[in-house]
Amino acid sequence: MRRREFLLQGTVFTVGGMLLYNTPAMARNIFKEDATELSDNLYQLFKDPPPNYRPFVRWWWNGNKIERNELARELELLKDVGIGGVEINPISFPSNTDDMNITSVEWLSDEWIDLLKFTFDKAKSLDMTCDLLAGTGFPFGSKVLEGEERSQIVVIAVKKIKGPADREFSLFDLYAEADPEIYNSYSGRKVEMLSLKLVPDPLNDIKDVIDLSDQIVNETIKISIPKDSSYALYALVEIEGFMGVIQGVSKVPVLNHFDSDAVNKYLNHITDRIESRIGPIGSDIRAFFADSLEVEGANWTSGMVEEFKKRRGYDILPFLPFILFKIGRMGNTIDENYTVGFSPEFNNMIERMRFDFALTKAELFHDSFILNYTKWCTENNVKSRAQAYGRNYFLLEGSFEIDIPECETWLKYGLGEDIAEEDFTQYPWHLGRGNTMINKYVSSAAHLKDKNIVSSEELTNTAMVFNESLEIFKIAGDQSAVSGVTHPIFHGFNYSPKSATFPGWITYGGYFSENNTMWPYFKNYTDYRARLSALFQQSTMFADIAVLPPIPDMWGEVGAQMEPFPTVVSPNYQSLVWEAIHQNGNACDYVSEKVISDSKISKGFMSYGKRKYNILFLIEIHSLNPATAKRIYDFIENGGRVFCIEAYPEKSLGWNNHIRNDQEVKNWVAKMKDYPNRFIFLKKPRPENSFIDWFKDIQEKYKISPYVSIESPKSFINQVRYQSDSAEIFMFNNSSNKHDCELNVNFSEKIFKNKQAWLWDAVTGDRFRLKLSKGNLKIDLGPADSKLIVFDQNKKGKDWKPKPENGSGSKILNNTWDLELHYIDGKKVDTEIKTLNDLKDDPEYSHFGGTATYKSTFEVHDKKAFHYLNLGKVHGISEVIINGRNAGTQWYGKRIYDLKDLLENGENLLEIKVITVMVNYMKSLENNQIAQYWTNEGRKNQPLQSIGLEGPVTIY
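Note that this is a predicted model, so its numbers are computed, not measured.

## Points about the overall build of the protein chain
Counting its secondary structure elements, the protein chain contains 23 helices and 43 strands. Relative to the compact-globule value of 30 Å for 956 residues, the protein chain shows a C-alpha radius of gyration of 30 Å, a close match. Across the 956 residues in the protein chain, those meeting the buried criterion constitute 62%. The long-range share in the protein chain, meaning contacts at least 24 apart out of those at least 6 apart in sequence, stands at 81%. Surface exposure of the protein chain reaches about 36400 Å², of which carbon and sulfur atoms provide 46%. Taken together, the 110 basic and 130 acidic charged side chains of the protein chain have centroids lying 6 Å from each other.

## Brief notes about the packing of helix α10 (residues 344-379) against helix α15 (residues 551-558)
Any two packed helices are characterised by how steeply their axes cross, that is the angle between the axes, and by the distance between the axes. As a packed pair, α10 and α15 sit with axes 7 Å apart at the nearest point and diverge in direction by 115°. Taken together, α10 and α15 sit at an angle that is classed as roughly perpendicular. Considering only the axes of α10 and α15, their crossing is right-handed. Contact residues: E351, R354, F355, A358, L359 and A362 in α10; P552, W555, G556, E557 and V558 in α15. Tallied by class, residues from the contact of α10 with α15 come to seven nonpolar, one polar and three charged.

## Some words on empty space enclosed by the protein
With the rule as written, the count across this model stands at twelve cavities of 30 Å³ or more. For the largest cavity, the calculated volume is near 270 Å³. In terms of lining residues, the largest cavity is bounded by 20 residues, among which L324, F325, I327, K361 and R391 are the most central. Contributions of two or more residues to the lining of the largest cavity are made by β4 (152-162) and α10. The leading source of residues in the lining of the largest cavity is α10, at four residues. Partitioning the lining of the largest cavity into residue classes produces eleven nonpolar, six polar and three charged. Taken as a whole, the second largest cavity holds about 110 Å³ of empty space. Lining the second largest cavity are 14 residues, and of these F138, S292, E457, H491 and Y508 lie nearest its centre. Mapped by element, the contributors of at least two residues to the lining of the second largest cavity are β1 (56-62) and β12 (404-411).

## Description of helix α7 (residues 260-278)
Its 19 residues place the ends of α7 27 Å apart at the C-alpha level, agreeing with the 27 Å of an ideal helix rising 1.5 Å per residue. Taken as a whole, α7 has its buried residues at A262, V263, Y266, L267, I270, T271 and I274. The inward-facing, buried residues of α7 abut α5 (110-125), β3 (129-133), β10 (287-290) and α10. Residue D259 occupies the N-cap position of α7, its side-chain oxygen lying 3.0 Å from the main-chain nitrogen of D261. One or two positions beyond α7, positive phi appears at G279, with a value near 85°.

## A short note on the pattern of salt bridges
Inspection of the entire model under this criterion finds 59 salt bridges. Across the salt bridge formed by D284 and K124, the nearest N and O atoms sit 3.0 Å from each other. Of this pair, D284 sits in the loop between α7 and β10 while K124 is found in helix α5, placing the two residues 160 residues apart along the sequence. For E579, the salt bridge is made with R433, and the minimal N-O distance between the two is 2.7 Å.

## Some remarks on the side chain of T460
By secondary structure assignment, the location of T460 is in strand β13 (residues 455-461). Ignoring anything within four residues of it in the chain, the contact list for T460 reads T409, W410, L411, H491 and Y508.

## Details of the confidence of the model for the protein chain
Of all residues in the protein chain, 96% have pLDDT values of 70 or greater, and the mean over the chain is 95. Every residue in residues 1-32 is under pLDDT 50, and counting partners more than four places away or in other chains gives 69 contacts.

## Brief notes about helix α16 (residues 574-583)
Across the ten residues that make up α16, a large majority, ten, are buried. Taken residue by residue, α16 has Q574, S575, L576, V577, W578, E579, A580, I581, H582 and Q583 as its buried positions. Just beyond α16, the residue with positive phi is G585, at close to 90°.

## Re the nonpolar core
Within the largest apolar cluster, 261 residues are counted, with the highest numbers of intra-cluster contacts made by Y373, F522 and L616. The biggest single contributor to this core is α10, with 16 residues. Those residues in contact with L616 that lie beyond four places of it in its chain are A546, V547, L548, V591, I596, M606, I632, F635, R641, V642 and F643. Judged by nonpolar contacts, the second largest core, of 44 residues, contains F858, F866, I912 and I947.

## So, the environment of E379
Mapped onto the secondary structure, E379 falls in helix α10. The class of E379 is exposed, set by a relative accessible area of 56%. In this structure the C-alpha to C-alpha distance between E379 and G282, which are 97 residues apart in sequence, comes to 9.3 Å.

About the criteria used
- Residues numbered from 1 in each chain as written.
- Predicted model: local features only at pLDDT ≥ 70, side-chain atom pairs only at ≥ 80, totals over all residues.
- Heavy atoms only, no water.
- Helix = DSSP H or I, 4+ residues; strand = E, 2+ residues; numbered from the N terminus.
- Rg over C-alpha atoms; globule rule 2.2 N^0.38 Å.
- Buried < 20%, exposed > 50% of the residue type's maximum accessible area, 1.4 Å probe, protein only.
- Contact = heavy atoms within 4.5 Å.
- Areas by Shrake-Rupley, 256 points an atom, 1.4 Å probe, with all protein chains shown as cover.
- Lys, Arg positive; Asp, Glu negative; His and termini not counted.
- Charge placed at Lys NZ, Arg CZ, Asp CG, Glu CD.
- Axes fitted to C-alpha atoms, helices over the stretch in contact; angles between N-to-C directions.
- Parallel < 35°, antiparallel > 145°, perpendicular 65-115°, else oblique.
- Left-handed = near helix turned anticlockwise from the far one by under 90°.
- Nonpolar A, V, L, I, M, F, W, Y, C, P; charged D, E, K, R; others polar.
- 1 Å grid on protein atoms, 1.4 Å probe; cavity = no way out; pocket = protein on both sides within 12 Å on 5 of 7 lines; lining within 4 Å.
- Points joined across faces, edges and corners; volume = space filled by probe spheres on them.
- Expected span 1.5 Å × (residues − 1).
- Polar contact = N/O pair within 3.5 Å; in protein donor to acceptor, adjacent residues only side chain to side chain.
- Salt bridge = Lys/Arg side-chain N within 4 Å of Asp/Glu carboxyl O.
- pLDDT = per-residue confidence, 0-100.
- Core = buried A, V, L, I, M, F, W, Y, C linked by side-chain atoms within 4.5 Å.

Set out below in structure tokens:
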């Protein structure tokens, strides 16, 4: 197939949702030619990506206050800035916002479905794709749900009492004590007392617990506590319908995700309503979407006790009050000292049972929700897309059945800054990273199931609203790409009429808006991400190291966490391990016990599907299932290597038959220790040492060969490797907003042998030939920079010529500058400055937001003597015009412009436009309630940002 035919095929696939999704896999089957032509096809796809590879946006239909003309206008607006698709997401109307008296259209009403169909048709006419949220708000919920079909939770109320004491408690007070303070309580809840128990403090044996459930009289319980004794009254309370949908268009109860019949009723209600109005939906959308499974600690369903006993072999109900913690929002533990103390023996039992309970919930969630959700999508001829993680589910296997698994990348202050490892471990799911801790789990799951599309709720922003810069997008987005994301879905674009009062309707922060100063330049970033997606979706991320984190141990000790925002990450350095592996030129996937148990072992490799690993890292694993321990032993015996960080496995998981199972685990570990060169104990690095240096030492000591050796690895430099049928692909990124790096790397011979190295520029789509000496590459990686290095069979092309940062005969332009400040509101200020500086530091202009235009003239006597213009430090997007000719736009990192054909002998007119972020200006709008909420109030009080041109401006 020739290039024209290949690209035409890709275009055809973008017309319908199902076909569009399958483009990457089909395209891989299309590539049947020789290696050179394969690489040419891949490059052409990279250079000019079809629409299905372009970023999508989450499109918030605020309050469902929608009408046709505005829907069409916004789709066209998104198309113009390079967006390839939308996720239609009905959500509540933002508070403190003028709705312009526009009426809400009821979700799933005939009128709403007609508008939905109009949107589908308009999107198709623009060659755009639609996904559809299977609900409104999150998590799923609806007014059609009744009784036990609504989410349920079992919680505890504990009243500690020191004797002597005679106390009386009403059930009302105990219900109030147990009731968790969650984000969105549902008013139609039903409360039931499951048990009342008097518990000694501390508790040594379950036999010491006194059941008082039959002593309730007139909704009251009376207790007498003898002298010199301590007890606690434990109330075990079930709340049915306890939670309302968060940010739903209307106030409705959340679905019981553990109830298969309820799940099917909920899902079928959606498609029955839509298809009864407009027919089958499969030709209109690519995927249904399940958003955040933030079920606020839901942990119960009718039949839970029987289901637990069937799966785990014992009755959990007598022990349940001691498994649970005092919880608040999102089901997070809020008081670690709330319960009575446990003896070590009793605590060991409870931790095993707590794991069993978490495992049972995860299994039920899988069986009742995930399997029904994916089946429903398939039956409706669409793909499933989901954020399949949270407190009640498996971090890794949760994404196995999902067609398009999704993770999350956020914008937070700290991105681009120097974050010490010690600081990161205090806030270990996010600090200094765009990618959250869940990303590596989700992408690993996709790799294990041979899926090349890994979507991300991308650039979610509640902390830096109006401080959105293309450079910070790139830093976070590149980190997201290294974590395994191949399909960004920007979070989000607000349905907001053009006539809405400035700054428009804004829900959940992120300000992707035509009113944003960066909007006219946004396509620079969407082009960049589209090229990365086209390349990575046509390739497979490489990994030969497996990493097993101690999730089951954590479940037993502190309970399942609310990923991707866990209260506890165990251990707190967990993410630093996989990062250090990549930063030193290797690559890894997370695995689980199930993956290890289901893997094939042969010739020193552990294989799962197409993935193969010859090294396994166990991160503080204390507990294993005996079957997993045996499989790890088989791996070691067959030549694989296992590194145990800080702990050897020493016991089994769960309570039933634990004594026998513990011994089995110990026996297998003892056998592993017979291979001291393959079963190796490691201490984590000391506080004064970094994980990067720690892993580099491990590489050298144990001869772990990196595929690319990185001289002087740094915390802000990371890499990832992809492979296609025709090419080896490497992405190196610099996540610092200020540090420069002279990257010096050596690729292994099997990568560069008989291949040509190229630099593929994802910003421009160009490619350049690189000259390597025996696999050695030295290349500058500036702040916020990234480099794609590709090895293939092509030989001909332009040589790479980097732009130097300085040069001989350099001339600093110390001229007086005419400065025009074009404010966001249309105001214009003209002034003259003699020195370039950060406008933030000038009280007169510190709250400027908009376009700052700097104009000056300079003389050159020999225009051929100057080849480059360096703007120095720039705070914003920069656009340069010389003698009326546009030199281009640059939006991150170093700002070096090529002066070819732009200079004249004699006087030259230089015009530099700097487009700033909005936050400084928005902070000054004292009478704008929305601006103040997002920039000046409480935890959202943002610091003033650097703006404008600091220079020095130099030609050389």
